[in-house]
Amino acid sequence: MKQTAEIAASSQDGTSLLNAVDDEIVSDNQRVYLGTSGKIAAILCVSYTAFHLIVMNFYPLETWVYRLIHVSGGLALGYIFFSAHTLDLGRTSQRGRGALGYCLAIIGGAAVVLATVTLALALMRNDLIATGASADKMVAGFGYPIIIGTALAVIAAWLAPPRTRGRLSVADGVLAMAAITVGTYIIAHAGFLRVRAQVFPHPNDMWAAIAGIILILEMTRRLAGIALVVIVSFFLAYAFVGPWLPGALYHRGYAPERFFAFLYTDNGILGPTTAISSTYLILFITFAAFLQASRVGEYFVSLAFAAAGGARGGPAKVAIFGSGLMGMINGTSAGNVVATGSLTIPMMKRVGYRPQTAAAVEAAASSGGQIMPPIMGAGAFIMAEITGIPYSEIAVAALIPAVLYFLSVYMMVDFAARRMGMEGLPRRELPKLGDLIRRIYLFIPVIILIGALFAGYSVIRAGSYAMVAAAVVSWLTPNWMGPRKILFALEIAARMSLQLVAVCAAAGIIVGVISLTGIGSRFASMLLSIAEANQLLALVFTMCVSVILGMGMPTTAAYAVAASVLAPGLIRLGIDPMTAHFFIFYYAVMSAITPPVALAAYAGAAIARSDPMKTSFESFQIGIAAFVVPFMIYYSPALLMQGEWQEILQVFATALVGVALLSMAVQAWLSGPLSLGQRVVLFAAGIAMIHGSWATDLIGVSVAVFIFAWQRRAINSKVSVDASN
């Protein structure tokens, strides 16, 4: 309750309570360097972000080289900044470092240094491993040392975690060097690997690829948890056990040399997921960092507080608007929960929400930002890239489903507030709406981004213009961005992007396995065979697989993987490509609030100090509209703005009634408390309106009117009895 008291005390002027919105969040295992070490770390981060912006806007690099620098540099920075275990900010010395871990780190470091020196000498002599070179060339000096050194360093990091945030451990320093060495090897041999990786790779190609995969999976574990690592491991195992599996899961198997070398090409790790993270995701993360450094994000949340903070259950409604707006730009649901939830969750608890409800509302709102046009957490651009459908059409098509989702969450919050008799925050504690309206020009960066995109500029150019606009607009505020703040924005952008770099590279492993084994086409065949019996069953199957693949991944990466597996099958079923991709996209996004692995809900639970599993189930209930809307889209393509305006209006109106009925049923409130039987009937009526036909809509509306009349009559009868007494 201390945090709540602090917020109450700091909110008397209506503005100071928002000062922490744009502060950088430091995770439990993140290092914070000071002094000279801090300056060196900052230079590395600024260089990493600036490299991407320069290449994207001015000096394009060859695709493999650019993506390898993106992945290898991101992994190296990841090991520099993030430890294998939780760190203690209060300690300044390392304790508990076991002798075994230290010895392993030294041995692993010596092996990686040997591999690095061997590779450097080969580069200086121009004596690379050409196609057809002997199988033992450089294996003793590079191949064996790089894999042994990497494996030993990972084990050493597990055994001997450092106890201070301000010092880099030996093991993690070795892993950072290994990441650079692996990337350099593949860049140097890219010309050969394009030809030989799928046919007759050299053993060193395999050892470098395995070392790189170990580095990716360990960094993914540190930054995103174990769930995605487990999923990737299942796919890796499938590549080797396929010859013994039955039916559609069978494949002939692959030699380890060919399999691992293949994964580290543009068919796998360097493929579509890394293409996404090295362009769209890092671009919009940098844009978000510019908004954060200029404190424009604070303005977004201030506006939400001024508009909705005084309403019934106000902080929860603020979370819906503020987190939705911030999540639209931010590419990760869990990251958005941490950024805005640190403010909104304590405020929700203050007005009477249970901790798990406060965390659940924030998780549902932050996840909803990923489906909100025009940016959709970069999802709109990725969908345009995959489908070939113009961005403008996708942004317009996403509007009605997103509105339905947020209205549903709003009604969930409002009905819960009614049921619990809540009030909003006192007006004296809230920002003044009039003052904020006078600063409406702070929306200019987002307006420029949208305008440039609809004017036909490339995503990269539009995002770059928006970044410049964010810096220029800040000059009209006390938080103006000079050179120091611009460098700070580039610095925090690098740290913010590291999770997505690792996760997208891990997702690339899945894409590579799918591509090599052909399991994607087999999934398509399975969908077709299921659809012969029941097409609805095929969609349910797609929903389940999308959610499972999305567990532990940022939404954009989850969508990219799920689309590669499932979209071809749905399209072969005769489903419109846009409808198929929206169907998959929604469930990939909502995996962040779907038990048992609900990363956004878990992030909220950590802030609210609530039970993670209970929070995830409640977040699932609050966001239930997102699990219904895709089926509405399937039955009524007019929800994607496809059709005549009369049809679009009719479908939108009835869909709105449907999600309202679901909200009432979940929160057990209409004009008063609902009995269990009334809730079941209302829920069934809401589900009936999924189909979008006049008959089902009429049934749903009729049931709703009946329940409303029934409840009003019961309430009036009770009032009459009370009056007579």
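These figures come from a predicted structure and were not determined experimentally.

**A word on the overall build of the chain**
Link 1 in the chain: Helix and strand counts for the chain stand at 32 helices and zero strands.
Link 2 in the chain: For the chain, the C-alpha radius of gyration of 27 Å lies close to 27 Å, the compact-globule estimate for 725 residues.
Link 3 in the chain: For the C-alpha atoms alone, the extent of the chain along its principal axes is close to 100 × 60 × 50 Å.
Link 4 in the chain: Of all intrachain contacts in the chain linking residues separated by at least 6 positions in sequence, the fraction that spans at least 24 positions is 80%.
Link 5 in the chain: A total accessible area of about 27600 Å² is found for the chain, and carbon and sulfur atoms account for 67% of it.
Link 6 in the chain: The centroid of the 43 positive side-chain charges in the chain is displaced by 7 Å from the centroid of its 32 negative side-chain charges.

**Let's talk about a nonpolar patch on the surface**
Link 1 in the chain: Taken together, the side chains of Val 113, Val 117, Leu 121, Met 124 and Met 177 present a nonpolar region at the surface, about 440 Å² in accessible area.
Link 2 in the chain: Looking at the nonpolar patch element by element, the count peaks at four residues for helix α4 (residues 99-124).

**Some remarks on the pattern of salt bridges**
Link 1 in the chain: Applying the stated criterion across every chain yields a total of eleven salt bridges.
Link 2 in the chain: When the shortest N-O distance is used, the salt bridge between Asp 172 and Arg 31 registers 2.5 Å. On the criterion of sequence distance, the pair formed by Asp 172 in helix α6 (residues 170-188) and Arg 31 in the loop between α1 (2-10) and α2 (35-57) is long-range, its members being 141 residues apart.
Link 3 in the chain: Judged by relative accessible area, Arg 31 falls into the buried class, the value being 1%.
Link 4 in the chain: For Arg 222, the salt bridge is made with Glu 218, and the minimal N-O distance between the two is 2.8 Å.

**Quick word on the side chain of Thr 477**
Link 1 in the chain: For Thr 477, the position within the fold is in the loop between α21 (459-474) and α22 (483-517).
Link 2 in the chain: Only 2.8 Å separates the side chain of Thr 477 from the backbone oxygen of Ser 474, close enough to count as a polar contact.
Link 3 in the chain: For Thr 477, the contacting residues outside a window of four places in its chain are Tyr 441 and Leu 442.

**Side note on the side chain of Gln 356**
Link 1 in the chain: Within the element layout of this structure, Gln 356 appears in helix α15 (residues 355-368).
Link 2 in the chain: Classification of Gln 356 as buried rests on a relative accessible area of 18%.
Link 3 in the chain: Ignoring anything within four residues of it in the chain, the contact list for Gln 356 reads Ser 610, Lys 614, Thr 615 and Glu 618.

**What to know about the confidence of the model for the chain**
Link 1 in the chain: Mean pLDDT over the chain works out to 84, with 91% of the residues at or above the 70 mark.
Link 2 in the chain: In this model residues 1-17 is a low-confidence stretch, pLDDT under 50, and it forms 25 contacts with partners more than four residues away in sequence or in other chains.
Link 3 in the chain: Low confidence marks residues 90-96, where pLDDT is under 50. Its contacts with residues over four positions away, or in another chain, come to eleven contacts.

**Details of the environment of Met 372**
Link 1 in the chain: Following the sequence through the fold, Met 372 ends up in the loop between α15 and α16 (379-387).
Link 2 in the chain: Taking the relative accessible area as the measure of exposure, Met 372 reaches 19% and is therefore buried.
Link 3 in the chain: Distance in space between the C-alpha atoms of Met 372 and Gly 327 is 8.3 Å, their sequence separation being 45 residues.
Link 4 in the chain: The residues touching Met 372, leaving out its near neighbours within four places in the chain, are Met 328, Ala 402 and Phe 406.

**Notes on the packing of aromatic side chains**
Link 1 in the chain: Under the defined criterion, the tally for this structure stands at 20 aromatic pairs.
Link 2 in the chain: Ring geometry for Tyr 144 and Trp 207: centres 5.9 Å apart, planes at 70°, overall edge-to-face. You can see Tyr 144 sitting in helix α5 (residues 139-159) and its partner Trp 207 sitting in helix α8 (residues 203-224), a full 63 residues away along the chain.
Link 3 in the chain: You can call Trp 207 partly exposed: its relative accessible area is 22%.
Link 4 in the chain: A centroid spacing of 5.1 Å and a plane angle of 75° characterise the contact between Phe 240 and Phe 259, whose relative ring orientation is edge-to-face. Separated by 19 residues along the polypeptide, Phe 240 in helix α9 (residues 226-241) and Phe 259 in helix α10 (residues 256-263) bring together distant segments of the chain.

**Digging into the nonpolar core**
Link 1 in the chain: Membership of the largest hydrophobic core comes to 250 residues, with the highest contact counts inside it found for Tyr 405 and Phe 582.
Link 2 in the chain: The element best represented in this core is α22, accounting for 18 residues.
Link 3 in the chain: If near-sequence neighbours (up to four positions away) are discounted, Tyr 405 is found in contact with Ala 364, Gly 368, Ile 371, Met 590, Ile 593, Gly 623, Ala 625 and Ala 626.
Link 4 in the chain: Within the second largest apolar cluster, seven residues are counted, among which are Ala 84, Leu 104, Ala 105 and Ala 156.

**Focus: the packing of helix α11 (residues 272-293) against α21**
Link 1 in the chain: It is at 9 Å that the axes of α11 and α21 come closest, and there the two elements cross at 10°. In terms of axis orientation, α11 runs roughly parallel to α21. In this structure, α11 contributes Tyr 280, Leu 283, Phe 284, Thr 286, Phe 287, Phe 290 and Leu 291 to the contact, and α21 contributes Val 459, Ile 460, Gly 463, Ser 464, Ala 466, Met 467, Ala 470 and Ala 471.

**Topic: the state of the cysteines**
Link 1 in the chain: In total, this model carries zero disulfides according to the counting rule given.
Link 2 in the chain: Cys 45 forms no disulfide, and the closest cysteine sulfur to it belongs to Cys 504, at a distance of 18 Å.
Link 3 in the chain: The exposure class of Cys 504 is buried, given its relative accessible area of 1%.

**Some thoughts on unusual backbone geometry**
Link 1 in the chain: Even without being a glycine, Met 138 presents a positive backbone phi close to 65°.
Link 2 in the chain: With respect to the helices, strands and loops of the structure, Met 138 is situated in the loop between α4 and α5.
Link 3 in the chain: Of note, the phi angle at Met 641 is positive, near 65°, even though the residue is not glycine.
Link 4 in the chain: Of note, Met 641 is situated in the loop between α29 (625-635) and α30 (645-667).

The rules behind each value
- Residues numbered from 1 in each chain as written.
- Predicted model: local features only at pLDDT ≥ 70, side-chain atom pairs only at ≥ 80, totals over all residues.
- Heavy atoms only, no water.
- Helix = DSSP H or I, 4+ residues; strand = E, 2+ residues; numbered from the N terminus.
- Rg over C-alpha atoms; globule rule 2.2 N^0.38 Å.
- Contact = heavy atoms within 4.5 Å.
- Areas by Shrake-Rupley, 256 points an atom, 1.4 Å probe, with all protein chains shown as cover.
- Lys, Arg positive; Asp, Glu negative; His and termini not counted.
- Charge placed at Lys NZ, Arg CZ, Asp CG, Glu CD.
- Patch = residues over 30% accessible without salt bridge, like charges linked within 9 Å, V, L, I, M, F, W, Y side chains within 5 Å.
- Salt bridge = Lys/Arg side-chain N within 4 Å of Asp/Glu carboxyl O.
- Buried < 20%, exposed > 50% of the residue type's maximum accessible area, 1.4 Å probe, protein only.
- Polar contact = N/O pair within 3.5 Å; in protein donor to acceptor, adjacent residues only side chain to side chain.
- pLDDT = per-residue confidence, 0-100.
- Phe/Tyr/Trp six-rings, centres within 6.5 Å; stacked < 30°, edge-to-face > 60°.
- Core = buried A, V, L, I, M, F, W, Y, C linked by side-chain atoms within 4.5 Å.
- Axes fitted to C-alpha atoms, helices over the stretch in contact; angles between N-to-C directions.
- Parallel < 35°, antiparallel > 145°, perpendicular 65-115°, else oblique.
- Disulfide = S-S within 2.5 Å.

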